[in-house]
Amino acid sequence: MINRVEKLSLLSEMISFAKSESDLKPIEYNFLLAIAKQLEISREDFDYLIDHPINYIHLESHSERIVQFHRLVLLMNIDDEHTPKERIKLFNYGIRMGLSHESINKVLYLMESFPNKIVPPDVLIDIFKVQYN
């Protein structure tokens, strides 16, 4: 399991991703707050991260990086609007996490075929599993 600093880093990264185009929309805020609760981060700490981001910490676990990438995909599609710039940013986040560019491209391509562009976790895992082996 990841430690508190890593959890704060993941959440900070997601906040930064959501704020890249504009301020947080209410739907994004609520989604991120739910992730914070999942990560056992208090609302006070979450709200602090919005204005005070912390540095990215690379996760050692490949599976944790895949989970984080999936969260970012969900976040990008939560408001049913995304731009080519957001897709590029998501791709770059995945590369920085050390994920395979082939797998990232496949996820970005396949998400268009799913309702609400939400790639099911099992499909996403299978995509990365093929590239990891």
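To be clear, the structure that these remarks concern was listed above.
These figures come from a predicted structure and were not determined experimentally.

Can you walk me through the overall build of the protein chain in this structure?
Within the protein chain, the regular secondary structure consists of 7 helices and 0 strands. Reading the protein chain from its N end, one meets helices and strands in the order α-α-α-α-α-α-α. On the principal axes, the C-alpha backbone points of the protein chain span a range of 40 × 30 × 20 Å. Across the 133 residues of the protein chain, 44% fall into the buried class. Partitioning the intrachain contacts of the protein chain with sequence separation of at least 6 by distance along the chain shows that 71% fall at a separation of at least 24. When the accessible surface of the protein chain is split by element, carbon and sulfur atoms take 55% of a total near 7400 Å². With 15 positive and 20 negative side-chain charges, the protein chain shows a spacing of 2 Å between the two charge centroids.

Please clarify how the pattern of salt bridges should be interpreted in this entry.
Two side chains bearing opposite charge may form a pair once their charged atoms approach each other closely. Under the definition given, this model contains 6 salt bridges. Salt-bridge contacts for Glu13 lead to Arg96; the nearest nitrogen and oxygen are separated by 2.4 Å. With Glu13 in helix α1 (residues 4-19) and Arg96 in helix α5 (residues 84-96), this residue pair connects regions lying 83 residues apart in the sequence. For Arg87, the salt bridge goes to Glu112, with nearest N and O atoms at 2.8 Å. One end of the pair, Arg87, is in helix α5; the other, Glu112, is in the loop between α6 (101-110) and α7 (121-132), with 25 residues separating them in the sequence. The structure contains a network of salt bridges with shared partners spanning Arg87, Glu112 and Lys117.

Looking at this structure, I do not really get the packing of aromatic side chains. What am I missing?
Two measures describe an aromatic ring pair: the distance that separates the ring centres and the angle between the ring planes. Per the stated rule, a full pass over the model turns up 3 aromatic pairs. When the centroid spacing of 5.8 Å and the interplanar angle of 75 degrees are considered together, the rings of Phe69 and Phe128 count as edge-to-face. A residue pair is termed long-range when its members are at least 10 positions apart, and Phe69 in helix α4 (residues 62-77) and Phe128 in helix α7 qualify at 59 residues. We classify Phe69 as buried; its relative accessible area is 0%. Residue Phe128 is classed as buried on the basis of its relative accessible area, which comes to 2%.

Help me understand the environment of Phe46, please; the structure alone is not making it clear to me.
Examined against the element boundaries, Phe46 turns out to sit in helix α3 (residues 43-51). Residues Phe46 and Ala36, spaced 10 residues apart in sequence, show a C-alpha to C-alpha distance of 6.6 Å. Those residues in contact with Phe46 that sit more than four places away from it in its chain are Leu11, Ile15, Tyr29, Leu32, Leu33, Ala36 and Ile41.

Teacher, can you tell me more about the nonpolar core here?
Of all hydrophobic cores here, the largest spans 36 residues; its most connected members are Leu11, Leu32, Phe46, Phe69, Leu90, Val107 and Phe128. Counting contributing residues, this core receives three or more from each of domain 1 (1-57) and domain 2 (60-132). For Phe69, the contacting residues outside a window of four places in its chain are Leu90, Gly94, Met97, Leu99, Ile104, Val107, Leu124 and Phe128.

What exactly am I supposed to notice about the side chain of Asn77 here?
Mapped onto the elements of the fold, Asn77 is located in helix α4. For Asn77, a relative accessible area of 6% corresponds to the buried category. A distance of 3.1 Å separates a polar atom in the side chain of Asn77 from the backbone oxygen of Val73. Ignoring sequence-local partners within four residues, the contact set of Asn77 consists of His82, Met111, Asn116 and Lys117.

Criteria and cut-off values
- Residues numbered from 1 in each chain as written.
- Predicted model: local features only at pLDDT ≥ 70, side-chain atom pairs only at ≥ 80, totals over all residues.
- Heavy atoms only, no water.
- Helix = DSSP H or I, 4+ residues; strand = E, 2+ residues; numbered from the N terminus.
- Buried < 20%, exposed > 50% of the residue type's maximum accessible area, 1.4 Å probe, protein only.
- Contact = heavy atoms within 4.5 Å.
- Areas by Shrake-Rupley, 256 points an atom, 1.4 Å probe, with all protein chains shown as cover.
- Lys, Arg positive; Asp, Glu negative; His and termini not counted.
- Charge placed at Lys NZ, Arg CZ, Asp CG, Glu CD.
- Salt bridge = Lys/Arg side-chain N within 4 Å of Asp/Glu carboxyl O.
- Phe/Tyr/Trp six-rings, centres within 6.5 Å; stacked < 30°, edge-to-face > 60°.
- Core = buried A, V, L, I, M, F, W, Y, C linked by side-chain atoms within 4.5 Å.
- Domains from an automatic or database assignment.
- Polar contact = N/O pair within 3.5 Å; in protein donor to acceptor, adjacent residues only side chain to side chain.

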